[in-house]
Amino acid sequence: MHDHQELSGYIRAQARARGRENQDAFWSGVRESDGVTDRDLRPDERLSAIALVKRLFPLVAHDALGWNVEMTRWPSTTEIAARGDKGESPQFYAMLLADGDRLGELVERLGPKEVGEALSKFTRGVDGIVRQHEGETVYAGGDDVLAMLPLGKALPCARALATAYTAAFANVGKRTLPTLSAAVVFAHLKFPLRAVL
């Protein structure tokens, strides 16, 4: 994230303001924070706010949100693509984004407690469905899902998620059951992830 502002606000080139010393002191303080290791933040690193949050999120996710975030390894897009292809070297993978339809209307019609319970039930099952389709869940919360999958597994996964979403509301739905819409982007391995999202 070379184009983002470094977080401390100090500019290393400003000799009069002792920018280098102030910047070094700021990052030393961050490195000395509870739970931060050299593996999390190298001695020579100076990050933007966005990069620092992305880097340290796994350290605080459990305490802050109750999430257990896998910290040791995240598969590459090449690895995701290869999961579904036993033949040639794959060049593409899929990014799936799913979202519940007309959630506001649903809350008005069924009530916030009922909708919240159904969404929790759906969310708890998302990772299992994505893994059954050889994918990785990037995010699952409420009616939102973001996952990376091999090409041939993305559409079946989207159908399975939509079925699970509707099933989560089976005991609370009145008249028509809620639906889940999904978008799938098929992306080349070399295409920047930022543009895919």
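What counts, and where the lines are drawn
Residues numbered from 1 in each chain as written. Predicted model: local features only at pLDDT ≥ 70, side-chain atom pairs only at ≥ 80, totals over all residues. Heavy atoms only, no water. Pairing = 2+ DSSP bridges. Helix = DSSP H or I, 4+ residues; strand = E, 2+ residues; numbered from the N terminus. Axes fitted to C-alpha atoms, helices over the stretch in contact; angles between N-to-C directions. Contact = heavy atoms within 4.5 Å. Phe/Tyr/Trp six-rings, centres within 6.5 Å; stacked < 30°, edge-to-face > 60°. Buried < 20%, exposed > 50% of the residue type's maximum accessible area, 1.4 Å probe, protein only. Core = buried A, V, L, I, M, F, W, Y, C linked by side-chain atoms within 4.5 Å. Expected span 1.5 Å × (residues − 1). Bend = angle between axes of the 7 residues up to and from the residue.

### Focus: the sheet that holds strand β4 (residues 180-188)
Alright, step 1. Spatial strand order, β2-β3-β1-β4: four strands in an open sheet with antiparallel pairing. The sheet is open, and its two borders are formed by β2 (136-141) and β4, each paired with just one other strand. Sheet twist, expressed as the average angle between the axes of neighbouring strands with direction ignored, equals 15 degrees.
Alright, step 2. The pairing of strand β1 (residues 92-100) with β4 spans nine bridges and is antiparallel.

### Considerations on the side chain of H133
Alright, step 1. With respect to the helices and strands, the residue H133 is situated in the loop between α5 (112-132) and β2.
Alright, step 2. For H133, the contacting residues outside a window of four places in its chain are L149, P150, K153, P156, C157 and A160.

### Re the packing of aromatic side chains
Alright, step 1. Under the definition given, this model contains three aromatic pairs.
Alright, step 2. Ring geometry for F26 against W27: centres 5.1 Å apart, planes inclined by 85 degrees, an arrangement best described as edge-to-face.
Alright, step 3. With relative accessibility at 28%, the residue F26 sits in the partly exposed group.
Alright, step 4. Their ring planes at 90 degrees and their centres at 5.1 Å tell us that F122 and Y165 sit as a pair that is edge-to-face. One end of the pair, F122, is in helix α5; the other, Y165, is in helix α6 (residues 151-168), and 43 residues separate them in sequence. This pair shows no difference in class: F122 is buried, exactly as Y165 is.

### Focus on the nonpolar core
Alright, step 1. Grouped together as the largest cluster of nonpolar side chains are 23 residues, with contacts concentrated most on L96, F122, V145, L149, L161, Y165 and F169.
Alright, step 2. Of all the secondary structure elements, the ones that give two or more residues to this core are β1, α4 (103-110), α5, β3 (144-150) and α6.
Alright, step 3. If one sorts the elements of this core by residue count, α5 sits on top with seven residues.
Alright, step 4. If near-sequence neighbours (up to four positions away) are discounted, L149 is found in contact with I80, Y93, A94, L96, V130, H133, G135, A154 and C157.

### Re α5
Alright, step 1. Taking 1.5 Å of rise per residue, 21 residues should cover 30 Å, and α5 covers 30 Å from first to last C-alpha, within 8% of that figure.
Alright, step 2. Roughly 35 degrees is the biggest bend found in α5, and it falls at V126.
Alright, step 3. Of the positions making up α5, those classed as buried are V115, A118, L119, F122, V126, I129 and V130.
Alright, step 4. On the buried face of α5, the contacting elements are α4, β2, β3, α6 and β4.

By themselves, these figures tell us nothing about what the structure is for.
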